[in-house]
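Remarks on the overall topology
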Amino acid sequence: MAFTLDQIGQYLTAMELRFDYDKEQALILTWISYEEEKGMVFIRELKDGAIFSLELDPLVDAGDWEFDVEMSHKHIHLLLPQLLYANYQTKIGSWEYDPKDGDIRFTIEIPLDDAPITYKQFQSIIESTKRALKEAFGFKEIITTGKIPQSNYHNELLTELYSIMERYK
């Protein structure tokens, strides 16, 4: 066993983050924020602690929007390249999209077969998750308005990619 949820609980306490620990489900639930945005974070140990797993669930403020986008959505052609670009810029973790049900999530899975996770590594994981939370609300803007947040994602190559994709709609 490379790490335990008890160890992660100690790290969260040291970072002054509140959390719930469900030993029966082998799950830690904590909350993070970035500016005004909030997200739930699910941390699990897989394969008896050999794999660290984290999932981010952004808490969207509008009750009429979920973090699921079906392939038939009118702005999916804008969202998917942004997910890829966000992955390109991310060093820890990745955005995932399931076209079967439209589920979008940010995950971090790290194999730790024979090495413990350090406090400094865990801090980097939390910082990466906070950045992902910020990105999630940019994705929400894309889906709800059809506009790409210029401050977060503007890139000439992406603009060119959108024009190419428009031809194949």
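Residues numbered from 1 in each chain as written. Predicted model: local features only at pLDDT ≥ 70, side-chain atom pairs only at ≥ 80, totals over all residues. Heavy atoms only, no water.

**Considerations on the sheet that holds strand S4 (residues 51-58)**
Here we have six strands laid out as an open sheet, ordered S1-S2-S3-S4-S6-S5, and antiparallel in their pairing. Each edge of the open sheet carries a strand with a single partner, namely strand S1 (19-22) and strand S5 (94-98). Strand-to-strand twist in this sheet, taken as the mean axis angle between neighbours without regard to direction, amounts to 30°. Of the pairings in the sheet, the one linking S4 to strand S6 (residues 103-111) comprises six bridges and is antiparallel in character. Looking at the pairing, Leu-54 lines up with Ile-108 of S6. Docked against the sheet, helix H1 (residues 5-14) engages S1, strand S2 (27-34), strand S3 (37-46) and S4, running at close to 25° with respect to S2. Helix H3 (residues 119-145) contacts S2, S3, S4, S5 and S6 of the sheet and is inclined by roughly 30° relative to S4. (Pairing = 2+ DSSP bridges. Helix = DSSP H or I, 4+ residues; strand = E, 2+ residues; numbered from the N terminus. Axes fitted to C-alpha atoms, helices over the stretch in contact; angles between N-to-C directions. Contact = heavy atoms within 4.5 Å.)

**Topic: the environment of Lys-147**
As for its position among the elements, Lys-147 is in the loop between H3 and helix H4 (150-153). In this structure Lys-147 comes out as exposed when scored by relative accessible area, which is 57%. Put simply, Lys-147 and His-75 are 72 residues apart on the chain and 8.9 Å apart in space, counted from C-alpha to C-alpha. Apart from the residues within four sequence positions on either side, Lys-147 is in contact with Glu-141 and Ile-142. (Buried < 20%, exposed > 50% of the residue type's maximum accessible area, 1.4 Å probe, protein only.)

**Digging into the pattern of salt bridges**
Taken as a whole and judged by the stated rule, the model has four salt bridges. Across the pair Lys-130 and Glu-127 runs a salt bridge, and its minimum N-O distance is 3.7 Å. Separated by three residues within a single helix, Lys-130 and Glu-127 lie in helix H3, roughly one turn from each other. Looking at Glu-127, the relative accessible area reads 39%, which means it is partly exposed. (Salt bridge = Lys/Arg side-chain N within 4 Å of Asp/Glu carboxyl O.)

**Some remarks on the nonpolar core**
Of all hydrophobic cores here, the largest spans 37 residues; its most connected members are Ile-8, Ile-43, Phe-52, Leu-79 and Trp-95. Among the elements that make up this core, the one with the highest residue count is H3 (ten residues). Apart from residues no more than four positions distant in its own chain, Leu-79 is found in contact with Val-69, Ile-104, Phe-139, Ile-142 and Ile-143. (Core = buried A, V, L, I, M, F, W, Y, C linked by side-chain atoms within 4.5 Å.)

**Quick notes on the pairing of S2**
Bridge analysis of S1 against S2 gives four bridges, and the strand direction is antiparallel. Looking across to S2, one finds that Phe-19 is bridged to Thr-30. Here S1 hands over to S2 after four residues, with Ala-26 in that stretch at a positive phi of 50°. The pairing of S2 with S3 spans eight bridges and is classified as antiparallel. Pairing of Tyr-34 across the sheet is with Glu-37, part of S3. Where S2 folds back on S3, the antiparallel hairpin that results is connected by two residues, among which Glu-35 adopts a positive phi of roughly 55°.

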